[in-house]
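Analysis of the macromolecular model
So you can see what is in the structure, the chains are spelled out below.
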Amino acid sequence: MSRGGRHVYTAISVLAAGALVLTGCSEGGSKSGGDDEKQKENASRQQAAIEFGDAAASKGPAAEVPGAKSGGTISVPARDSYAHLDPAQIYVQNEMSMAQLLHRGLTGYKATSNDGSKHEVVGDLATDSGTTTDGGKTWKYTLKDGIKFEDGSPITSADVRHTFERQFAAFINQGPPYVQQWLADTPGADYRKLLPDGPFKGKHLPDTVLQTPDEKTVVFKFKSAHPELPYALAMTGYAVVSQKGDTKEKYDKDPVVTGPYKIQSFKSGKSMVLVKNTNWDPATDPIRHQYVDRFNITFNQQYEDSTKALIADGGADQTSVSWQNSVDAGNLSKVLSDPKMKSRTVVGFQPYVGQVNINMSHAAMKDIKIRQAIAYALPVTPFVRAYGGTDAMQVAGGIISPTVTGYDPSFDPFGKKKKPAGDPAKAKKLLEEAGKVGMKLTFGYINSQEGQQYSTAMAAGLEKAGFDVQRQEIPAETYYDQVSKLDNNYDIFHTAWGADWPSASTVIPPLYDGRVIAEGAQNYSQINDPKVNSEIDRINKITDPAKAAAEWGKLNEYLLTEVVNVVPTAYYKQIQIAGSKIGGLVYDDVIAGVDPRRLYVK
């Protein structure tokens, strides 16, 4: 999942004592800030077991939030607008947070504590989290009674079938690929061959992989065991789409929703208004609430502006909270040191790892000495500083987050933890050996205050090593759409990725499997290394989570020492504040930010 861009997470699963449990879960500084032990505790907590709930745990309504009241309007300042509203196209964190109010899937994460730290996977539209009798090759789901789309039409198994069949259509190219690959029993983008054009030309997936014997029943059949399916189905990317209301590409701006809120208006780049969905029945939903009458979302609100307004806490800002904007760098220490702000502040480690991608499709980037020169020259200090320093980030060594099983704090191949400002002398020597001193390097960066700041300083660091850096701005709203284009002209650009569940199986395959290179896919560096591809297949077959984690760790080392297609920058934390009249404020580990589903106006 990307940050600010992509994902929320789910986790690695094992069969134990007859039950499936979760055993692990796409902005830099030299050490973590604040209470270091508390931060480590927070990160390791996110690797804790998340169990699969039964039918009783899947019944609605959701447990009441202590002190909650109904009514009122909440204002939501946001820097970036939403590029996608079609759930199948949603794979970035800001859209996934918003989607918690709009879309429902077969399963979902139910918070089992009032502080956002404990969860279980339950049936959302389904009566439970799923049943399997053969270790995860066959999964059966039964739909609940009384579930409807916003237009009042009932949700049936035909809609669920349509939801998964449309995932194979070429225009769906931004969302997660897991279930499609499992159904087709193939890695990479070849899954589309199973159902070219999706269901839009009258063809359907065969009953050997997907069965809908009646209006209430859905059966997934895989050739290989996938005991983690309930986690995957909890992702926004697999939320249910209306067969009758599907307008293909147009659905991305005007979806037919299933959650407690619907879209009253959406002006891309300007604003969005969410109001209550009267066809949402709380009795069917164990996860969400509908306390607030209306959410007014305003875009183009920079972090500094929203932070200052929330600190001032006057007028409408008292009932304001951002689901996306973190506290800006300039005000971070003020917020964290003010005891009066504590009740209005939430802090947590996110699963995201920032990385500068080196575009391997460009001829000049195929020389490993040039890639190594970029890796050593690149300073990560400006990146960390732009987002608030070590209170907001921790310098990254590898591509596996502290929230993911298998994280190794000692791995630091480019010496960024010791030299976060980079090593231009070593980089220049490599560039001289390659005979490329003075070569042009196009640096694509996000057009935000933070992006302007870090890209300028990073470019200066690269220039010290002998590169001629040309910075090229990319609009924040479409940033991930632009950098995931196969023919983009950026030599280097920054992305951040978070595990879809706390296993590196949801980090390395989607980002570095050469067989997933495709328009809109998340292999941003366009790496296609035969050893990486074969190791992904081998490790994916390891059923012991601990052994798999160790092997993913070795592949992480190979990627950063032998391939060098990315340069890790930082592990992310999130610090957000809210107005004094916002109730139900918690940092949710799964959402990786404020939980919008439990908010109310005091």
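The structure under discussion appears in the preceding block.
Since the structure is predicted, the reported quantities are computational estimates derived from the model, not experimental observations.

We now examine the overall build of the chain. Scanning the chain from terminus to terminus reveals 15 helices and 22 strands. Its C-alpha radius of gyration of 23 Å places the chain within 12% of the 25 Å reference for a compact globule of 602 residues. Across its three principal directions, the C-alpha atoms of the chain cover 70 × 60 × 45 Å. Per-residue burial for the chain yields a buried fraction of 63% across its 602 residues.

Aromatic rings considered in pairs are described by the distance between their centres and by the relative angle of their planes. Applying the stated rule across the entire model yields 26 aromatic pairs. Here the aromatic rings of phenylalanine 164 and tyrosine 238 are separated by 5.7 Å at their centres, their planes lie at 15 degrees, and the arrangement is stacked. Taken as a pair, phenylalanine 164 in helix 3 (residues 157–165) and tyrosine 238 in the loop between helix 5 (229–233) and strand 10 (261–267) lie far apart in primary sequence, 74 residues in all. Of the two residues, phenylalanine 164 and tyrosine 238, neither departs from the other in class, the shared state being buried. Between phenylalanine 168 and tyrosine 191, the aromatic rings sit 5.6 Å apart at their centres with planes inclined by 75 degrees, giving edge-to-face as the arrangement. Here the residue phenylalanine 168 occupies a position in the loop between helix 3 and helix 4 (178–184), and tyrosine 191 occupies one in the loop between helix 4 and strand 8 (210–211), the gap between them amounting to 23 residues. With relative accessibility at 7%, the residue tyrosine 191 sits in the buried group. Of the aromatic side chains, those joined through ring pairs into one cluster are Trp139, Tyr141, Phe164, Tyr178, Trp182, Phe220, Phe222 and Tyr238. Cation over ring: arginine 166 sits above tyrosine 251, and NZ or CZ is 5.3 Å from the ring centre.

Turning our attention to the pairing of strand 12 (residues 294–298). Residues of strand 12 alternate between two faces, with Phe295 and Ile297 buried on one and Arg294, Asn296 and Thr298 left unburied on the opposite face. Summarising the sheet, strand 4 (residues 73–77) and strand 12 pair through five bridges and their orientation is parallel. Counterpart to proline 77 in the pairing with strand 12 is threonine 298. In this structure, strand 11 (residues 271–276) lies alongside strand 12, joined through five bridges in antiparallel fashion.

On to the pattern of salt bridges, then. Counted according to the given criterion, the structure contains 27 salt bridges. Between glutamate 165 and arginine 161 there is a salt bridge, and its shortest N-O distance comes to 2.9 Å. Here the residue glutamate 165 and the residue arginine 161 both occupy positions in helix 3, the gap between them amounting to four residues, near one helical turn. One salt bridge connects glutamate 551 with arginine 538, and the closest N-O pair in it is separated by 2.6 Å. Of this pair, glutamate 551 sits in helix 15 (residues 545–563) while arginine 538 is found in helix 14 (residues 530–540), placing the two residues 13 residues apart along the sequence. Accessibility expressed as a relative area gives 36% for arginine 538, which makes it partly exposed. One network of salt bridges, with partners in common, ties together Arg104, Asp124, Asp285 and Arg288.

The geometry of helix 14 relative to helix 15 is characterised by a closest axis approach of 10 Å and an angle of 170 degrees between their N-to-C directions. Taken together, the axis directions place helix 14 and helix 15 in an arrangement best described as roughly antiparallel. Residue-level contacts link Lys531, Val532, Glu535, Ile536, Arg538, Ile539 and Asn540 of helix 14 to Ala548, Glu551, Trp552, Leu555, Tyr558 and Leu559 of helix 15.

Conventions used here
Residues numbered from 1 in each chain as written. Predicted model: local features only at pLDDT ≥ 70, side-chain atom pairs only at ≥ 80, totals over all residues. Heavy atoms only, no water. Helix = DSSP H or I, 4+ residues; strand = E, 2+ residues; numbered from the N terminus. Rg over C-alpha atoms; globule rule 2.2 N^0.38 Å. Buried < 20%, exposed > 50% of the residue type's maximum accessible area, 1.4 Å probe, protein only. Phe/Tyr/Trp six-rings, centres within 6.5 Å; stacked < 30°, edge-to-face > 60°. Lys NZ or Arg CZ within 6 Å of the ring centre and 35° of its normal. Pairing = 2+ DSSP bridges. Salt bridge = Lys/Arg side-chain N within 4 Å of Asp/Glu carboxyl O. Axes fitted to C-alpha atoms, helices over the stretch in contact; angles between N-to-C directions. Parallel < 35°, antiparallel > 145°, perpendicular 65-115°, else oblique. Contact = heavy atoms within 4.5 Å.

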